[in-house]
Amino acid sequence: MSDVSNIIKDPTLTYQQQVLALARLAENNDDTLDLEPEFEQALKDMTLCDLGEGRAPYRPRYILPDYAKLMKDGCEFLGLEPPKDIWEAVNALLIFYKHVPSITSFPVYLGNFTDLFEPFHKEEAETRKALRLFLLHIDKTLTDSFVHANIGPRDSEVNRIILDLTKEMQLAIPNLTLLYDPKKTSDEFALVCIDCMLATSKPSFANDVMYRSEIPNYGIASCYNALKVGGGGYTLPRIRLYNVATKATSVDDFFDRVLPYYTQMLLRNMDTRIRYIVEESNFFTSHFLVKEGFVKRENFTGMFGVVGLAECVNHLLGIENPDQGFGHNEEATAMGEKVMNEVERMVKEHHGVYCEGCDNRYVLHAQVGIDSDGRDNSPGARIPIGSEPDLSDHIECESHFHHYFVSGIGDIFKFDDTWNHTQSALLDIIKGAFVSGMRYFTGYNADCDVVRVTGYLVKKSEIAKLDRRETSLNNVTVFGQGARNSANALDRRIYDESARK
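Anyway, here's the lowdown on the structure attached to this text.

Criteria and cut-off values
Residues numbered from 1 in each chain as written. Predicted model: local features only at pLDDT ≥ 70, side-chain atom pairs only at ≥ 80, totals over all residues. Heavy atoms only, no water. Helix = DSSP H or I, 4+ residues; strand = E, 2+ residues; numbered from the N terminus. Rg over C-alpha atoms; globule rule 2.2 N^0.38 Å. Buried < 20%, exposed > 50% of the residue type's maximum accessible area, 1.4 Å probe, protein only. Contact = heavy atoms within 4.5 Å. Areas by Shrake-Rupley, 256 points an atom, 1.4 Å probe, with all protein chains shown as cover. Lys, Arg positive; Asp, Glu negative; His and termini not counted. Charge placed at Lys NZ, Arg CZ, Asp CG, Glu CD. Core = buried A, V, L, I, M, F, W, Y, C linked by side-chain atoms within 4.5 Å. 1 Å grid on protein atoms, 1.4 Å probe; cavity = no way out; pocket = protein on both sides within 12 Å on 5 of 7 lines; lining within 4 Å. Points joined across faces, edges and corners; volume = space filled by probe spheres on them. Nonpolar A, V, L, I, M, F, W, Y, C, P; charged D, E, K, R; others polar. Expected span 1.5 Å × (residues − 1). Salt bridge = Lys/Arg side-chain N within 4 Å of Asp/Glu carboxyl O.

**Comments concerning the overall build of the protein chain**
Turning to step 1, where the next piece is worked out: Each helix and strand in the protein chain was counted, giving 20 helices and 17 strands.
Turning to step 2, where the next piece is worked out: For 501 residues, the compact-globule estimate of 2.2 N^0.38 gives 23 Å, and the protein chain sits close to it at 22 Å.
Turning to step 3, where the next piece is worked out: Along the first, second and third principal axes, the C-alpha atoms of the protein chain reach 65 × 55 × 50 Å.
Turning to step 4, where the next piece is worked out: Counting all 501 residues of the protein chain, 60% fall into the buried class.
Turning to step 5, where the next piece is worked out: Considering only intrachain contacts with a sequence separation of at least 6, the fraction spanning at least 24 residues in the protein chain is 78%.
Turning to step 6, where the next piece is worked out: Working note: accessible area of the protein chain is about 19,300 Å², and carbon and sulfur atoms make up 49% of it.
Turning to step 7, where the next piece is worked out: Looking at charge distribution, the protein chain has the averaged site of its 53 positive side-chain charges lying 3 Å from that of its 74 negative ones.

**Some points on the nonpolar core**
Turning to step 1, where the next piece is worked out: If you look at the biggest cluster of nonpolar residues, it comprises 162 residues, and the most contacted ones within it are Phe113, Phe134, Phe205 and Phe441.
Turning to step 2, where the next piece is worked out: Counting residues per element, this core draws most heavily on helix α12 (residues 251-280), at 12 residues.

**Notes on the layout of surface pockets**
Turning to step 1, where the next piece is worked out: Estimated volume of the largest pocket: approximately 1,400 Å³.
Turning to step 2, where the next piece is worked out: Taken together, 48 residues form the lining of the largest pocket, with Arg24, Leu51, Gly52, Val478 and Phe479 sitting closest to its centre.
Turning to step 3, where the next piece is worked out: Contributions of two or more residues to the lining of the largest pocket are made by α2 (15-28) and α20 (477-487).
Turning to step 4, where the next piece is worked out: Per element, the largest residue contribution to the lining of the largest pocket is 7 residues, and it comes from α2.
Turning to step 5, where the next piece is worked out: Split by residue class, the lining of the largest pocket holds 20 nonpolar, 18 polar and 10 charged.

**Thoughts on empty space enclosed by the protein**
Turning to step 1, where the next piece is worked out: Within the structure shown, the criterion is met by 2 cavities of 30 Å³ or more.
Turning to step 2, where the next piece is worked out: In terms of lining, the largest cavity is formed by Phe113, Leu135, Ile162, Leu165, Thr166, Met169, Leu171, Ile173, Pro174, Leu176 and Lys202.
Turning to step 3, where the next piece is worked out: The residue makeup of the lining of the largest cavity, split by class, is 9 nonpolar, 1 polar and 1 charged.
Turning to step 4, where the next piece is worked out: The calculated volume of the second largest cavity comes to roughly 50 Å³.
Turning to step 5, where the next piece is worked out: Looking at the second largest cavity, the residues that line it are Glu27, Glu53, Pro57, Arg59, Pro60, Arg61, Ile103, Tyr234, Arg273 and Ile277.
Turning to step 6, where the next piece is worked out: Partitioning the lining of the second largest cavity into residue classes produces 5 nonpolar, no polar and 5 charged.

**Observations regarding unusual backbone geometry**
A negative phi angle characterises most non-glycine residues, just as the trans form characterises most peptide bonds.
Turning to step 1, where the next piece is worked out: Cis geometry is adopted by the peptide bond preceding Pro153, which originates at Gly152 and carries an omega value of 5°.
Turning to step 2, where the next piece is worked out: Along the chain, Pro153 turns up in the loop between β3 (148-151) and α8 (157-169).
Turning to step 3, where the next piece is worked out: Here the phi dihedral of Leu51 falls at roughly 50°; this positive angle occurs in a residue that is not glycine.
Turning to step 4, where the next piece is worked out: With respect to the helices and strands, the residue Leu51 is situated in the loop between β1 (48-49) and β2 (62-64).

**Re helix α18 (residues 423-436)**
Turning to step 1, where the next piece is worked out: Compared with an ideal rise of 1.5 Å per residue, which puts 14 residues at 20 Å, α18 spans 20 Å between its outermost C-alpha atoms and is within 8% of the ideal.
Turning to step 2, where the next piece is worked out: If you check which residues of α18 are buried, you get Gln423, Ala425, Leu426, Leu427, Ile429, Ile430, Ala433 and Phe434.
Turning to step 3, where the next piece is worked out: Tucked into the core, α18 has its buried residues touching β4 (175-180), α9 (187-200), β5 (204-207), α17 (391-399), β13 (411-415) and β14 (440-445).
Turning to step 4, where the next piece is worked out: Backbone geometry just after α18 places Gly437 at a positive phi near 120°.

**Points about the pattern of salt bridges**
Turning to step 1, where the next piece is worked out: All chains considered together, the criterion is met by 31 salt bridges.
Turning to step 2, where the next piece is worked out: One salt bridge connects Arg55 with Glu40, and the closest N-O pair in it is separated by 3.2 Å. Here the residue Arg55 occupies a position in the loop between β1 and β2, and Glu40 occupies one in helix α3 (residues 37-45), the gap between them amounting to 15 residues.
Turning to step 3, where the next piece is worked out: In this structure, the salt-bridge partner of Arg345 is Glu342, at a minimum N-O distance of 3.0 Å. In this pair, Arg345 and Glu342 both sit in helix α16 (residues 330-349), 3 residues apart, roughly one turn of the helix.
Turning to step 4, where the next piece is worked out: For Arg345, a relative accessible area of 36% puts it in the partly exposed group.

Here it is as structure tokens:
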């Protein structure tokens, strides 16, 4: 059967998922972009990866509109007046979201709910009813777990309502992040967030102090992508560091020849893709988001994605047992830093195109991985699943690498039920992790139905539907199934309460 026929006949796809799959098929089979033959070979060799962006990009990959402008000015193109109450605010946002594109065709950033809704909050019951319908609408229409909202850093009644509804409704969409600042986020509020996180796998905790020192007006989008509000990311291709390392004849050959060869090739491809988006596609000349100032081109940048650092390091050091490699000894940590220092140097030395707001430089991103990576290339700079050390050692290792990834990195920690009785201890661990240099911390309870796979959320009960060849409303359930099957993504080490000692 043809690829088109396979999509049409797939019983696990909803109609909307079929439409998107057919559109992606067309985009991925186009040949508009003139790619280097060496780059095309690297895609076939799986040393480089374009994350399904195709060869005719017609919008940036990630877009973070300035929703505060919508609240203040409305939107002329959509005929929306500035909202006056909570119902008008909810309605305006839901309409607006339907018109925000991305690589997934769903908005990857919904804004900071604390800032957006608090001015309209008057009465608890009314706000609760409005936000319940708002969240339900999002889950049933923006059916993709890369849809992401933020709250915080300060507490508010709106935050408490959202967290309460999140626990009650047990929805995988939207993803949610607390922008955590120890001087602005009270322990009481942080503990409410931890209670919700252990029950629903969200919110995650972002190191707000660290992020704002580099991107003052940022938002967390998609999995954990930190980008400028009013801008976003043009593109996110990746280098599979383990696959690259296997091309080298020695450690010196890796650093002197192989790593520069693939890094520079990926950077050149980013230039080509971004030039096409800006100069050839019509997004920046005709889209209402640009024309009305909800986004500005100079606030976009290119994201250089990295996966497989752990396996790369273990290969270079000749370590076959991952339980003795990256995350378990200082030599591996030092080699990981040497690899990242070289990648960072080359990315910073490259003059990026159309990214004035980032000093004409692209930014590093620890990409969360896809199912085709298998167990050969762990997401970003994470320790391989099944080989996690004790919790303190796990955090200590990760903290060496988070500073490289300005546009996002994070790790996931799986906890047993005992932590529900000692949530203040978990808050102390998060505080310590941020002090040590971690950017992003997320966790979930092993017994949750809503679980975090690599960065996105799915329900285990929805994966079970796919296993039975039934449809799942959430577009990314299939990714969760693939990550479970090929990379054991749901089999992380479970940290019990003794891990805090």
